[in-house]
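Tertiary structure, described
Here is what each chain is made of, one letter per residue.
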Amino acid sequence: MDPSIAKRIKLVRGDITRLRVDAIVNAANPELRGGGGVDGAIHRAAGPELLAKCATLGGCPTGSARITPGYNLPAGYVIHTVGPVYSGGDSNEADLLSSCYRESLGLVVEHGCKTVAFPAISCGVYGYPLEDAARVSLAAVAGFLTGSAVPEEVIWCLFDARAYDAFEGAL
Ligand code: ADP
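What follows concerns the overall build of the protein. The number of helices and strands found in the protein is six helices and six strands. In the protein, the succession of helices and strands from N to C terminus is α-β-β-α-α-β-β-α-β-α-β-α. Scaling as 2.2 N^0.38, a compact globule of 171 residues should have a C-alpha radius of gyration of about 16 Å, and the protein matches this with 14 Å. Seen along its three principal axes, the alpha-carbon backbone of the protein occupies a region of about 40 × 35 × 30 Å. Counting only contacts in the protein whose residues sit at least 6 apart along the sequence, the fraction spanning at least 24 positions is 68%. About 7,800 Å² of surface is accessible on the protein, with carbon and sulfur atoms providing 51% of the total. Charge separation in the protein, taken as the distance between the mean sites of 14 positive and 18 negative side-chain charges, equals 6 Å.

Written as structure tokens, this is what we have:
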């Protein structure tokens, strides 16, 4: 990876709901109705207004993204993206996962955000193998950053050591 791009990518361990960044990304479901994992944590921390707002959006197809305010979160916006459910790797999963990152970053730019934090999309209940997801995710973000001076910084907020190690290895 080009060093000038690598400089704009940061890995941290922790809870994404605590980050004071311009936008955090949620690994949502297509109905945007909240759920478990990072989705549940984001809704709990943002408060009930977030679910009420999501209910007005008409859902979100896999590989796409939608944006809402962050309400009670320290982050200004939540970008809800729907990762692919992993089913062996021959069902367009890599393209869909890449599309989640590209579409989310498109919204980041459109809304003037300088910093954004992603979780490991699809790496929990959706079952994407961590090493593969890390490689695909980093390539998608590096590709976007190569063509765009914004956002200034992309953070991956990895909840556990396994996820952190996978992304560090891929980086
Ligand atoms: P998906 O359905 O896209 O797989 P999950 O929420 O099940 O989404 O998992 C995505 C990743 O988010 C997993 O690596 C999980 O460990 C992680 N995660 C769970 N809670 C948090 C949190 N509060 N902050 C950051 N990452 C989290």
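A few words now on the side chain of Asp39. Positionally, Asp39 belongs in helix α2 (residues 37–46). Residues within four places of Asp39 in sequence aside, it is in contact with Asn26, Ala27, Ala28, Asn29 and Gly34.

With that out of the way, let us pick up the sheet that holds strand β1 (residues 9–13). In spatial order, the strands read β1-β6-β5-β2-β4-β3; together these six strands make up an open sheet with mixed pairing. Strands with a single pairing partner mark the edges of an open sheet, and in this sheet they are β1 and β3 (65–69). For this sheet the average axis-to-axis angle between neighbouring strands, irrespective of direction, equals 25 degrees. Relative to strand β4 (residues 77–81), β3 is paired through five bridges, and the arrangement is antiparallel. Within the sheet, the bridge partner assigned to Ile67 lies in β4 and is Ile79. Across the face of the sheet, α2 comes into contact with β2 (23–27) and β4 while running at roughly 135 degrees to β2. This element, helix α5 (residues 130–146), spans β1 and β6 (153–158) of the sheet and lies at about 165 degrees to β6.

Cut-offs and rules
- Residues numbered from 1 in each chain as written.
- Predicted model: local features only at pLDDT ≥ 70, side-chain atom pairs only at ≥ 80, totals over all residues.
- Heavy atoms only, no water.
- Helix = DSSP H or I, 4+ residues; strand = E, 2+ residues; numbered from the N terminus.
- Rg over C-alpha atoms; globule rule 2.2 N^0.38 Å.
- Contact = heavy atoms within 4.5 Å.
- Areas by Shrake-Rupley, 256 points an atom, 1.4 Å probe, with all protein chains shown as cover.
- Lys, Arg positive; Asp, Glu negative; His and termini not counted.
- Charge placed at Lys NZ, Arg CZ, Asp CG, Glu CD.
- Pairing = 2+ DSSP bridges.
- Axes fitted to C-alpha atoms, helices over the stretch in contact; angles between N-to-C directions.

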